[in-house]
Amino acid sequence: MLNLKPNCECCNRDLPPDARDAMMCSFECTFCKSCAAGVLKGKCPNCGGELVRRPIRPAAKLAKYPASTERVYKPEGCER
């Protein structure tokens, strides 16, 4: 099960579980679409992997399998 992180690691923008503009790499590093396409140019600053759209967990499953509340914010990793 994917760890749905609540924010962009780059700009700290909130990314709720149903956000259609949340992007992630295969290690579940999470970014907003604006940072992913802009400063990061589609590449994760942590692992170098491709950033793809994060799937949305069905609302009916969020009660049993909630999104993470642990925020990860590393603005220094987003400077290019």
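Up top you'll find the structure we're talking about.
The rules behind the values
- Residues numbered from 1 in each chain as written.
- Predicted model: local features only at pLDDT ≥ 70, side-chain atom pairs only at ≥ 80, totals over all residues.
- Heavy atoms only, no water.
- Disulfide = S-S within 2.5 Å.
- Buried < 20%, exposed > 50% of the residue type's maximum accessible area, 1.4 Å probe, protein only.
- Helix = DSSP H or I, 4+ residues; strand = E, 2+ residues; numbered from the N terminus.

**A closer look at the state of the cysteines**
Evaluation of the coordinates by the stated rule reveals 1 disulfide. Unpaired in terms of disulfides, Cys25 finds its nearest cysteine sulfur in Cys29, a separation of 3.6 Å. You can see Cys35 has no disulfide; the closest cysteine sulfur is in Cys32, sitting 3.6 Å from it. The class of Cys35 is buried, set by a relative accessible area of 12%.

**Here we look at unusual backbone geometry**
Here the phi dihedral of Glu28 falls at roughly 70°; this positive angle occurs in a residue that is not glycine. Here Glu28 shows up in the loop between strand 1 (22-24) and strand 2 (30-32). Although it is not a glycine, Lys41 sits at a positive phi angle of roughly 50°. Note on placement: Lys41 falls in the loop between helix 1 (33-37) and strand 3 (52-53).

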